[in-house]
Amino acid sequence: MLVTEQNSIHFTQSDERINELLRSLQEVTDLEALQALADWDQQTGMPDGASGVRSNQAATLQGLIHERWTSPRLGELLNKLEEVVQRASFTDADRGLVRQAHRIYNRSTKLPRKLVEEMERARVISHDTWVHARANNDFASYASCLEQTVRFQREVADLYGYQENRYDALLDIYEPGLTTSTVEQFFAPIRDVSVSLLQQIQASGKKINTSFLQGSFSEVQQKLLAEKLLTRIGYDFSRGKIARSPHPFTTSIGAPQDVRLTVRYSDILPMSMMAALHEGGHALYEQGSAPTLLRTPVAGGTSMGMHESQSRLWENAIGRSEAFWRGQYGLVQEAFPQSFQQVSVTDFARALNHVEPSLIRVEADEVTYNLHIIIRFEIEKALVNGEITVASLPRLWNEKYHAYLGIEPDSDTNGVLQDVHWTFGFGYFASYTLGNLYGAQIYHSLRKSIAHFDQRLAAGETAFILEWLRERLYTFGAIYQPDELMQHITGEAANPQHLIQYLTKKFSQLYEL
Ligand code: ZN
């Protein structure tokens, strides 16, 4: 059973061993926060010419962090505490802290410092090279960086170790215990329902008008709108900040006190608006950690799958529902009166759910989204296992888009170069579909336990949702593992049927299938 009261989330500071552990973890957490700050700077405003010096600074910092995480004294302390904290006099926070720290310690001690520094130096250069390659549609200029990432990731996977598949070692970084075969089991029924819904929608011949979502929307107004929407869903700007970057992301420079996010702007309004809600979901999760967890590795989300469940829940289940827009559409009309005065809220919400195979993952509708993830999952698995080469990626990418979505990228910028993830490694993408799965299951419980859900949302309320999620999930940070939390929140283990039912119900209604 999980602790249920916020004030019961605390460490046993009367115990000297816990105190020593906390002191040591606070320092390494501070170093990691500064690394996140340097990374935020690199992605949002660092001068172009600075990437050489930044890559060395980042490597130095990463080396120090690695030294802290592999300290023999920390190992001794964790070994001792592993058993001690099982006693009833210790708290769940103590147990979670020791579990999480032990996991990071074990992983860190498997990697030599030299490799960690080299990878960090390469990561900064790789990111910079990718930004330019993407802007210039020049895959060849980025290929050698990607080849290096593949070599590093294979080495890391071998050092971490795995049972069945080398790729398992990388999946585990983002979702503890996740394996390739579990992902395949979860993905198969999700792929089937996505393909089947897409075929039915295309066969229905029904068209949804989306023309008003494209136009010349001023960036200043888009930013203001993003800020207002974020405020409405409960993002706290006194502990946050918004910037622009080529690829939207959220980062914590000390959760829950400093949680920042980025969006990007274009002439397609949902790009910034839905990115704000997506990143806002991540940020609400991070800002929701109990304040007592500050400066420890259990502040913030418990896994990337659980993290994506929150971004996808706020972005899609809530942020693409007509009920939500009944409460918030005024903000859009106020920001862009000329474009939206004549558009009804129903038509606006329908347009946000329009299904059409598209090239860009972050703009994909909910039906085709998981197919984008499955393509990346298949490619990563093959790359990590040495079954395909980097040089063959543009061709393979285009073939898979043709096979799964019936379309082919017009450029590598809109194809294989679109995502930032491969500048740092492999194993992340599965988190998105896992997040959709967790998110649909949590959303199901949320709706079931709150009366007049849609009416309250339509009246402009959202705090009741944030409060529900905070109490059951956000406040705990990473004290509990994803499977414990799923059981606690929804009363069952992770189950893809909720996502399947959610998609089927929503899109059968929308397209009258
Ligand atoms: Zn996300």
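These lines cover the structure that appears in this document, whether it is placed above or below.

Conventions we followed
- Residues numbered from 1 in each chain as written.
- Predicted model: local features only at pLDDT ≥ 70, side-chain atom pairs only at ≥ 80, totals over all residues.
- Heavy atoms only, no water.
- Helix = DSSP H or I, 4+ residues; strand = E, 2+ residues; numbered from the N terminus.
- Rg over C-alpha atoms; globule rule 2.2 N^0.38 Å.
- Contact = heavy atoms within 4.5 Å.
- Areas by Shrake-Rupley, 256 points an atom, 1.4 Å probe, with all protein chains shown as cover.
- Lys, Arg positive; Asp, Glu negative; His and termini not counted.
- Charge placed at Lys NZ, Arg CZ, Asp CG, Glu CD.
- Donors = N, O, S within 2.8 Å, 3.2 Å for Na, K, Ca; no water.
- Tetrahedral: all angles 85-135°; square planar, octahedral: opposite > 155°, others 65-115°.
- Buried < 20%, exposed > 50% of the residue type's maximum accessible area, 1.4 Å probe, protein only.
- Salt bridge = Lys/Arg side-chain N within 4 Å of Asp/Glu carboxyl O.
- Axes fitted to C-alpha atoms, helices over the stretch in contact; angles between N-to-C directions.
- Parallel < 35°, antiparallel > 145°, perpendicular 65-115°, else oblique.
- Left-handed = near helix turned anticlockwise from the far one by under 90°.
- Nonpolar A, V, L, I, M, F, W, Y, C, P; charged D, E, K, R; others polar.
- Pairing = 2+ DSSP bridges.
- Polar contact = N/O pair within 3.5 Å; in protein donor to acceptor, adjacent residues only side chain to side chain.
- Phe/Tyr/Trp six-rings, centres within 6.5 Å; stacked < 30°, edge-to-face > 60°.
- Lys NZ or Arg CZ within 6 Å of the ring centre and 35° of its normal.
- 1 Å grid on protein atoms, 1.4 Å probe; cavity = no way out; pocket = protein on both sides within 12 Å on 5 of 7 lines; lining within 4 Å.
- Points joined across faces, edges and corners; volume = space filled by probe spheres on them.
- Core = buried A, V, L, I, M, F, W, Y, C linked by side-chain atoms within 4.5 Å.

The subject of this paragraph is the overall build of the protein chain. A count of helical and extended segments in the protein chain gives 21 helices and 3 strands. Compactness check: the protein chain gives a C-alpha radius of gyration of 23 Å against a globular reference of 24 Å for 513 residues, within 12% of the reference. Taking the principal axes of its C-alpha atoms as reference, the protein chain extends roughly 65 × 55 × 45 Å. Long-range pairs, those at least 24 residues apart, make up 75% of the contacts in the protein chain with a sequence separation of at least 6. Here the protein chain displays about 20600 Å² of accessible surface, and carbon together with sulfur accounts for 48% of that area. Positive and negative side-chain charges of the protein chain, numbering 48 and 62 respectively, have mean locations separated by a distance of 2 Å.

Summarising the metal site, the zinc ion is bound by the protein donors His278 (NE2), His282 (NE2), Glu308 (OE) and Glu308 (OE), whose distances to it range over 2.1 to 2.5 Å. Coordination geometry of the zinc ion: the 4 donor atoms subtend angles of 54 to 147 degrees at the metal centre, consistent with an arrangement described as irregular. On the primary sequence, the residues serving as donors to the zinc ion are separated as H-x3-H-x25-E. On the criterion of sequence distance, the pair formed by His278 in helix H10 (residues 269-287) and Glu308 in helix H11 (residues 304-318) is long-range, its members being 30 residues apart. Note on His278: relative accessible area 9%, which makes it buried. Assessed through its relative accessible area of 2%, Glu308 is described here as buried.

Using the criterion set out here, one finds 33 salt bridges in the structure. Linking Arg54 and Asp41 is a salt bridge whose minimum nitrogen-to-oxygen distance equals 3.0 Å. With Arg54 in helix H2 (residues 51-69) and Asp41 in helix H1 (residues 16-44), the pair connects residues that are 13 residues apart, well separated along the chain. Owing to a relative accessible area of 15%, Arg54 belongs among the buried residues under this scheme.

Let us now look at the packing of H1 against H2. At a minimum axis distance of 10 Å, the contact between H1 and H2 shows a crossing angle of 160 degrees. As summarised for this structure, H1 and H2 are arranged roughly antiparallel, according to the angle between their axes. The interaxial crossing formed by H1 with H2 has left-handed handedness. Contact residues: Leu25, Glu27, Val28, Leu31, Glu32, Leu34, Gln35, Ala38, Asp41 and Gln42 in H1; Arg54, Leu61, Gln62, Leu64, Ile65, Arg68 and Trp69 in H2. For the contact of H1 with H2, the residue count by class is 9 nonpolar, 3 polar and 5 charged.

What follows is about the environment of Leu37. Mapped onto the fold, Leu37 is located in helix H1. For Leu37, a relative accessible area of 31% puts it in the partly exposed group. In the structure, Leu37 is positioned 43 residues away from Lys80 in sequence and 33 Å away in space, judged by C-alpha atoms.

Moving on to the sheet that holds strand S3 (residues 259-263). With mixed pairing, 3 strands are arranged side by side in an open sheet as S1-S3-S2. Of all strands in the sheet, those bounded by a partner on one side alone are strand S1 (240-244) and strand S2 (250-252). When the angles between neighbouring strand axes are averaged without regard to direction, this sheet yields 20 degrees. Contacts between helix H9 (residues 219-233) and the sheet are confined to S1 and S3, with S1 contributing the most and set at about 150 degrees to the helix.

Looking now at the side chain of Ser309. Checked against the element boundaries, Ser309 lands in helix H11. Exposure remark for Ser309: the relative accessible area of 0% places this residue in the buried category. Within the local environment of Ser309, its side chain forms a polar contact with the side chain of Gln310, the two groups lying 2.9 Å apart.

Right, let's talk about the packing of aromatic side chains for a bit. Per the counting criterion, the structure on display carries 25 aromatic pairs. Judged by centre distance (6.5 Å) and plane angle (90 degrees), the ring pair of Trp422 and Phe429 falls under edge-to-face. Phe429 carries the same exposure label as Trp422, and that label is buried. Joined through ring pairs, the aromatic side chains of Tyr174, Tyr369, Trp397, Tyr401, Trp422, Phe426, Tyr428, Phe429 and Tyr432 make up one cluster. Over the aromatic face of Trp40 sits the side chain of Arg260, whose NZ or CZ is 5.5 Å from the ring centroid. The ring of Phe429 carries the charged tip of Arg376 above its face, separated from the ring centre by 5.5 Å.

As a volume, the second largest pocket reaches approximately 690 Å³. Lining the second largest pocket are 21 residues, with Arg447, Tyr502, Lys505, Lys506 and Gln509 positioned closest to its centre. Going through the elements one at a time, helix H12 (322-335), helix H14 (345-352), helix H17 (430-449) and helix H21 (497-510) are the ones with two or more residues in the lining of the second largest pocket. If one sorts the elements of the lining of the second largest pocket by residue count, H21 sits on top with 7 residues. Tallied by class, the residues present in the lining of the second largest pocket amount to 7 nonpolar, 6 polar and 8 charged.

Attention now moves to the nonpolar core. The tendency in soluble globular proteins is for nonpolar side chains to be buried as a group. In terms of nonpolar packing, the biggest core is built from 160 residues, with Met273, Trp325, Phe340, Phe348 and Trp422 touching the most fellow members. Residues in contact with Phe348, not counting those within four places in the same chain, are Phe212, Leu213, Met273, Trp325, Tyr329, Val332, Phe340 and Val343. If you look at the next biggest cluster of nonpolar residues, it comprises 6 residues, including Ala36, Trp40, Phe249 and Ile253.

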